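Structure assessment
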Amino acid sequence: MSESERTKRMKYFLKQKFNRNDSDYKLQLQEEVSCGEYHRNRCDLAGIEYVNGKIHNSIGIEIKQQLGDFKSGCGMNFCFDVNYLCVPSEFVGFTFQYLRSEEHTSELQSLYLI
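Described below are features of the structure shown in this document. (Residues numbered from 1 in each chain as written. Predicted model: local features only at pLDDT ≥ 70, side-chain atom pairs only at ≥ 80, totals over all residues. Heavy atoms only, no water.)

1. With respect to the pairing of strand β5 (residues 54-63)
Across the 10 residues of β5, seven count as buried, placing the element largely inside the fold. Relative to β5, strand β4 (residues 41-51) is paired through seven bridges, and the arrangement is antiparallel. The residue bridging Gly47 from the neighbouring strand is Ile59, located in β5. The turn joining β4 and β5, which pair antiparallel and follow one another in sequence, is formed by two residues; a positive phi near 55° is taken by Asn52. Here β5 runs beside strand β6 (residues 82-86); their pairing, made up of five bridges, is parallel. Across the sheet, the residue bridging to Glu62 is Leu85, located in β6. (Buried < 20%, exposed > 50% of the residue type's maximum accessible area, 1.4 Å probe, protein only. Helix = DSSP H or I, 4+ residues; strand = E, 2+ residues; numbered from the N terminus. Pairing = 2+ DSSP bridges.)

The structure is reproduced here in structure tokens:
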């Protein structure tokens, strides 16, 4: 399975997991959303979370399928209220070590691994 097929599949499953449209809660994730200063960055999945009809949080999900994705030019765009990073289970240890580096310390406050 190629990387792009895996990423598409992951986006599909993440949308199934996160998207909801209940009377008191709504979240619809969109793909390849512009974010950051002057909207120069792109996040794999992002959406606005509504609770009781009011905006509650912005949510962003970055998908990294290979170790090379961490050093690619795509970057990790953690510019939302709540940021998720989706990685294969075999990369979890590497991911924590990478994020603990000085350049990513501030992002750990609102980052969750899926």
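2. Quick notes on a nonpolar patch on the surface
Residues Ile48, Tyr50 and Ile55 make up a contiguous nonpolar surface patch of about 270 Å² in total accessible area. Here Tyr50 shows up in strand β4. In this structure Tyr50 comes out as partly exposed when scored by relative accessible area, which is 31%. (Patch = residues over 30% accessible without salt bridge, like charges linked within 9 Å, V, L, I, M, F, W, Y side chains within 5 Å. Areas by Shrake-Rupley, 256 points an atom, 1.4 Å probe, with all protein chains shown as cover. Salt bridge = Lys/Arg side-chain N within 4 Å of Asp/Glu carboxyl O.)

3. A short note on the packing of aromatic side chains
Applying the stated criterion to the full structure yields three aromatic pairs. With centroids separated by 6.0 Å and ring planes inclined at 20°, the aromatic side chains of Phe94 and Tyr98 adopt a geometry described as stacked. Of this pair, Phe94 and Tyr98 are both found in helix α2 (residues 92-99), four residues apart, which corresponds to roughly one turn of the helix. A relative accessible area of 12% places Tyr98 in the buried class. Directly above the aromatic system of Phe18 lies the positively charged group of Lys17, at a separation of 6.0 Å from the ring centroid. (Phe/Tyr/Trp six-rings, centres within 6.5 Å; stacked < 30°, edge-to-face > 60°. Lys NZ or Arg CZ within 6 Å of the ring centre and 35° of its normal.)

4. A closer look at unusual backbone geometry
Peptide bonds are, in most cases, trans, and in most cases residues other than glycine have a negative phi. Even without a glycine there, the phi angle at Glu32 is positive, about 50°. You can see Glu32 is positioned in strand β3 (residues 30-35). Residue Asn52 is not a glycine yet carries a positive backbone phi of 55°. One can find Asn52 in the loop between β4 and β5.

5. Quick word on the pairing of β6
Taken across its five residues, β6 has five buried, putting it largely inside the fold. Because side chains alternate across β6, one face comprises the buried residues Val82, Tyr84 and Cys86, and the other comprises Asn83 and Leu85, equally buried.

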